[in-house]
Structures are given as C-alpha cells and as structure tokens.
Amino acid sequence: MNMDAEILTALRSSGAGSLSGTELAQRLGVSRAAVWARIEDLRALGYEITASPHGGYRLLSTPDVLHADDLLSRLGKTRVIGRDIRVFRETTSTNDIIEKLARDGVREGVVVFAESQTKGRGRLGRRWVSPRGAGLWFSILLRPVLRPHEATQLTIMAATALARAIREQTDFTLEVKWPNDILVGGRKVAGILTEPTAELDRIRHVVLGIGLDVNQAAGDFPPDLRRIATSLRAEAGRPFDRAELAVTVLRALDRDYLRLKEGQFEGLAAEWEQLCTTLGRDVTILLGSRRIRGRAESLDSEGALLVRTEHGRLERITGGDVTLAK
Amino acid sequence: MDLKDIKAVIEIMRKNSISEFEMENQGFKIRLKRGANVIGLPPSSDESAHAPVFAATPSAVPTALPPAASVLNADAEIKSPMIGTFYRAPSPESAPYVEVGTEVGPDTVVCIIEAMKVMNEIKAEVKGVISKVLVENAKPVEYGQPMFKVRPS
C-alpha cells in the first residue's frame, strides 16, 4: 500500500476521533513534514481533512472521485481481484486497456476504472453510454483455467456477484437477464461484457468489463435509452457513494471468482438461477438471422441457456439476443 | 592580439557567416561566438546550438551544418498538455505504448501523464513514426514539455 492509502486507512480507522501528526508519522515510518505534505495533496484532491494543534488530523469527507489509492485502502486485502487498481480520466473502453495489459503478460486481478469512456461497448457491438463521473465503468484482467466454451461461466459469476453487491447497498428487487444484464424494474442498470482470448483448448485470458449506471438522473439518458436503461439513483431517489459501491462490487467479484476457481460453479449457478428472470419465461432469441422461440428452462454446467422450443426440442443457447415475452 | 585584431576577426566571421572562432596562443585564449539573428541560432549556450529542437529554420541553416539537422527539424513534437508524471505504459508490468520506430496516428495513445492521481492517456495527435523519446519513464513533466519526436509520414 502506498502512503496516501495508509493515511486514509489510518484516518478512517480512527473514525470520529483524530490522529496526531506524530502518531501518523510513526505508523508510516516517515517524518511529520512528509505526512503534512501528503495531507495537503489529499486536500487538493477534495478530501476534507481538518487539523488542530491538539487533536491532530481528522477525515471529514471524501470527494466523489475514483482515487486508486483510496479504493485500495477501502478494499483491504483481496485474493485476486483488486490487487492493483488504476483510474483513468477517459479512455475508449476500459476493456481496451485491460486487453493491452493482458497481451503484455500482466498477472490477473488488475482492475482499470475510467471516469468516462468514449467508446464504451456492450455485447453484439452495442454502445454503452458512459458519462463522466456518473457510473462505474471498469474492467478486470482474469486468467482462469477454463476451456474456451466455459467462458460464459465468468459472465454468470460476474452477474451473481454484481447483483449481490448492489443488493447490499440497496433494497431493490434485482433481475438478471441471461446472460449479462442486471435489471431493476425491467430496465437495465448494469451490464457485463466478457471478452475471452482463447487458444484451441484453453482460455489465455479474459477481459471482464462491467458498466454500472450509478448517479445519472433519469433525464440524463439519451432518449432512445430511457425506456430500457436506468440508474441506481433514478430508482432509489438518492445518489450513491461510487467508491463504496466499487469496493463492494470488487469484494463480491473476488469472492465469487475464487469459488469459480475452486470448481464451485454449480453453487454460483444455483444462486444465479434464483436471480434470473429469464428462466421459466417465454423467450425469443435472435441468432444472426435465425429466430428461436421457446421457454427458457435452465442453465447447463457451462453457463449456456437451455430453451425448450415451440417444437418441443431442447436448444442450447450460448449467444444471441434474448427478448423476454411480456 | 589587441582590440584591432579582434575587430578584424569579427569582421571576417561576419562576412563569411562563421559562427564560432577560438584561438589559443601562449597562455592567451579567445573565443568568439556570434549571436542568433544572423544564422538563426539562439544566443544561449553551446548545448542549444547542437540540440535540433532549437535549430534554425531550414532556409537559414548554413551549409556547414550536418544534413541530419535539417531532417530532424521537420520532426513534430508531442508535448505534455499538463503537469504530471510521465509513464510510458499503463502499468509498471506492461510494455511501453510506443518505441522509437513505432508508427502512430492521431488517435494512437503514446503515453500516460498521471496528475491528481488520475491517469490521462495522451494521444499522438499527428501521423508519423516515433523518432525519439525525450522523457524517462516515471519522471515529472511540465506543461508544454516535449515528450516525443515524430517524423511525419
């Protein structure tokens, strides 16, 4: 952990109390002047830190910016996801940055956030509108020991973790639409884009991209998306602390990724089935020019959707565009 | 050598567009250097006279300068749009975005400047080939500081 992260961790752990410069300096093994300089930098970033000659330093409030060191400080220790966090002001898509890191051989678990994306994307080449500071737009590098056809397991894992994390912070009834959308009140609030790079018989790496609409007002969405997209704030009627949400999501993902690595996909899938609104519903699936109609029955061991068609046949769906019948 | 001689040397330098004159004789040493306006070199140190960054416009470059200088003159510079820390890669474990010889386009990301704890991707803004990396990784950069040279293609 670097010094900013240690200072913030120390100040947070002292809660309403305060920490003297001497105490902080001793904990960090630096001079009081060095502590003071770091505190000044944190203040410049918008952290409200008071200092009194007798009481010492106290953290009053945190700005609504994603700060890599602060995220690391709040996250604490994770096994894989979030061992390294980087925050970009703007990029095309955070998946693009992670893809570069993957090709350069960086180890799994690194997370890249962007305050805005100019070419945020979803499945099937669709755009993901990612306005500055409004949501959580991030990607994670994973190197799972999975075979290429098992990549959907990661999408299922991520959807389950994301839904659990959102529920921890809200009282929403969440729905998951196979394979990668999270809905509130029938409208999309989060999406997952899993981009695997595979050899013939094994996955080399996976870029797991997540977009979570947090603090947009309902009117902030482009007109063509208002009927189908929403944000946590639009649903709850209050803004959310993005950094707190981010670490809650990362913790959930770290936990479920380990479950997946330990071969516990079935447990995850069971949890996912509880959340999934696709199962048991009549669905239409568009696979290129092919249209499949039927009832979504269950998930198979690889994460594919099993659909009983109108002709009574069981079809195994691994892609395409799923529409739920009303 | 007296003042009259020095004046004569200066006159010879002027007439023949000689920029520097140095002479040493029995403990006496003189060095004459002419100002920027005649041949276009800035009136500063030796250092800048050799640095192609500040070299004269091609029309004013005397034939005595090596031809490489006029080629370098045509190179564009990618300058830092902000004060911050210069990084050549998005993570210490990953490879630099560009090396000397890398072809870039206007939208190619060439480096990162970290400012206020946020990483800013910097684009080439020009089309060409990276000819020189001017800043060391993880070093601070100033606003407007040249970071790369790009030979236009």
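Residues numbered from 1 in each chain as written. Chains lettered and ligands numbered in written order. Predicted model: local features only at pLDDT ≥ 70, side-chain atom pairs only at ≥ 80, totals over all residues. Heavy atoms only, no water.

A. Quick peek at the overall build of chain B. When helices and strands are counted, chain B shows four helices and ten strands. For chain B, the residues scored as buried account for 31% of the 153 residues in total. Sequence separation of at least 24 residues holds for 48% of the intrachain contacts in chain B that already meet a minimum separation of 6. Carbon together with sulfur atoms contributes 56% to the accessible area of chain B, which is approximately 9,300 Å² in total. (Helix = DSSP H or I, 4+ residues; strand = E, 2+ residues; numbered from the N terminus. Buried < 20%, exposed > 50% of the residue type's maximum accessible area, 1.4 Å probe, protein only. Contact = heavy atoms within 4.5 Å. Areas by Shrake-Rupley, 256 points an atom, 1.4 Å probe, with all protein chains shown as cover.)

B. Main features of the sheet that holds strand 12 (residues 305–309) of chain A. Residues and elements named next belong to chain A. Strand order in the open sheet formed by five strands is 13-12-11-10-14, with antiparallel pairing between adjacent strands. Edge positions in the sheet fall to strand 13 (314–317) and strand 14 (321–324), since each has one partner strand and no second. Geometrically, the sheet is characterised by an average inter-axis angle of 45° between neighbouring strands, direction not taken into account. Where strand 10 (residues 282–287) lies against strand 14, four bridges are found, and the strand directions are antiparallel. Across the sheet, residue Thr284 finds its bridge partner in strand 14, namely Thr323. (Pairing = 2+ DSSP bridges. Axes fitted to C-alpha atoms, helices over the stretch in contact; angles between N-to-C directions.)

C. Here's a closer look at the interface of chain A and chain B. Opposite the 21 residues of chain A that make contact, chain B presents 16 residues. Regarding the contact of chain A and chain B, the summed buried area is about 1,500 Å², with carbon and sulfur atoms giving 57% of it. Inspection of the region where chain A meets chain B yields two salt bridges. Put simply, B:Lys117 and A:Asp69 hold a salt bridge, and the shortest N to O gap is 3.1 Å. For the pair chain A and chain B, the interface holds nine residue pairs in polar contact (both at pLDDT 80 or more). Mapped by element, the contributors of at least two residues to the side of chain A that touches chain B are helix 3 (32–44), strand 3 (84–91) and helix 5 (94–103) of chain A. Split by residue class, the side of chain A that touches chain B holds seven nonpolar, four polar and ten charged. (Buried area = accessible area lost by both parts, 1.4 Å probe. Salt bridge = Lys/Arg side-chain N within 4 Å of Asp/Glu carboxyl O. Polar contact = N/O pair within 3.5 Å; in protein donor to acceptor, adjacent residues only side chain to side chain. Nonpolar A, V, L, I, M, F, W, Y, C, P; charged D, E, K, R; others polar.)

D. Geometry of the layout of surface pockets. Residue and element names in this part refer to chain A. Roughly 1,000 Å³ of internal volume is contained in the largest pocket. What lines the largest pocket is a set of 46 residues, among which Lys177, Asp181, Leu183, Lys188 and Ile228 lie closest to the centre. Those elements that place two or more of their residues in the lining of the largest pocket are helix 5, strand 5 (135–142), strand 6 (174–177), strand 7 (181–184), strand 8 (187–198), strand 9 (203–213) and strand 14. Among the elements that make up the lining of the largest pocket, the one with the highest residue count is strand 8 (five residues). Grouping the amino acids of the lining of the largest pocket by side-chain chemistry returns 17 nonpolar, 14 polar and 15 charged. Of the domains in this structure, domain 2 (68–275) and domain 3 (282–324) are the two that each give at least three residues to the lining of the largest pocket. (1 Å grid on protein atoms, 1.4 Å probe; cavity = no way out; pocket = protein on both sides within 12 Å on 5 of 7 lines; lining within 4 Å. Points joined across faces, edges and corners; volume = space filled by probe spheres on them. Domains from an automatic or database assignment.)

E. Structural context of the environment of A:Lys177. Residue and element names in this part refer to chain A. As for its placement among the helices and strands, Lys177 is situated in strand 6. Sequence separation of Lys177 and Leu275 is 98 residues, and the distance between their C-alpha atoms is 8.7 Å. Of note is the side chain of Lys177, whose polar atom sits 2.9 Å from the backbone oxygen of Val322.

F. Highlighting the sheet that holds strand 8 (residues 128–133) of chain B. Residues and elements named next belong to chain B. Reading across from one edge, 3-10-8-5 is the order of the four strands in this open sheet, with antiparallel pairing throughout. Single-partner strands in this sheet number two, and they are strand 3 (76–79) and strand 5 (103–104). Where strand 5 meets strand 8, two bridges bridge the pair, whose relative direction is antiparallel. Of the residues in strand 8, the one forming a bridge with Val104 is Gly128.

G. Region of interest: the pattern of salt bridges. Throughout the structure, instances matching the rule amount to 38 salt bridges over all chains. In this structure, A:Asp4 and B:Lys117 form a salt bridge, with 3.4 Å as the shortest nitrogen-oxygen distance. Here B:Lys117 lies in the loop between strand 6 (109–115) and strand 7 (118–123) and A:Asp4 lies in helix 1 (residues 3–13), a pairing that spans two chains. Take A:Asp4: its relative accessible area is 1%, and that puts it in the buried class.

H. Looking closely at the side chain of B:Ser91. With respect to the helices, strands and loops of the structure, B:Ser91 is situated in the loop between strand 4 (84–87) and strand 5. Excluding anything up to four places from it in sequence, B:Ser91 contacts A:Arg86, A:Leu101 and A:Val106.

I. Quick peek at the packing of aromatic side chains. Taken as a whole and assessed by the stated rule, the structure comprises two aromatic pairs over all chains. Ring centres of A:Phe113 and A:Phe138 lie 4.9 Å apart, and the angle between their planes is 25°; this geometry places the pair in the stacked category. A residue pair is termed long-range when its members are at least 10 positions apart, and A:Phe113 in strand 4 (residues 110–117) and A:Phe138 in strand 5 qualify at 25 residues. Of the two residues examined, A:Phe113 and A:Phe138, each falls in the buried class. Seen from their ring centres, B:Phe86 and B:Phe148 are 5.8 Å apart, and the 50° between their planes marks the pair as tilted. Of this pair, B:Phe86 sits in strand 4 while B:Phe148 sits in strand 10 (residues 146–152); the two residues are 62 residues apart in sequence, bridging distant segments of the chain. The pair formed by B:Phe86 and B:Phe148 is uniform in burial state, with each residue classed as buried. The ring of B:Tyr97 is capped by A:Lys100, whose NZ or CZ atom sits 5.2 Å from the centre of that ring. Over the face of the ring belonging to A:Phe240 we find A:Arg238, whose NZ or CZ atom lies 4.0 Å from the ring centre. (Phe/Tyr/Trp six-rings, centres within 6.5 Å; stacked < 30°, edge-to-face > 60°. Lys NZ or Arg CZ within 6 Å of the ring centre and 35° of its normal.)

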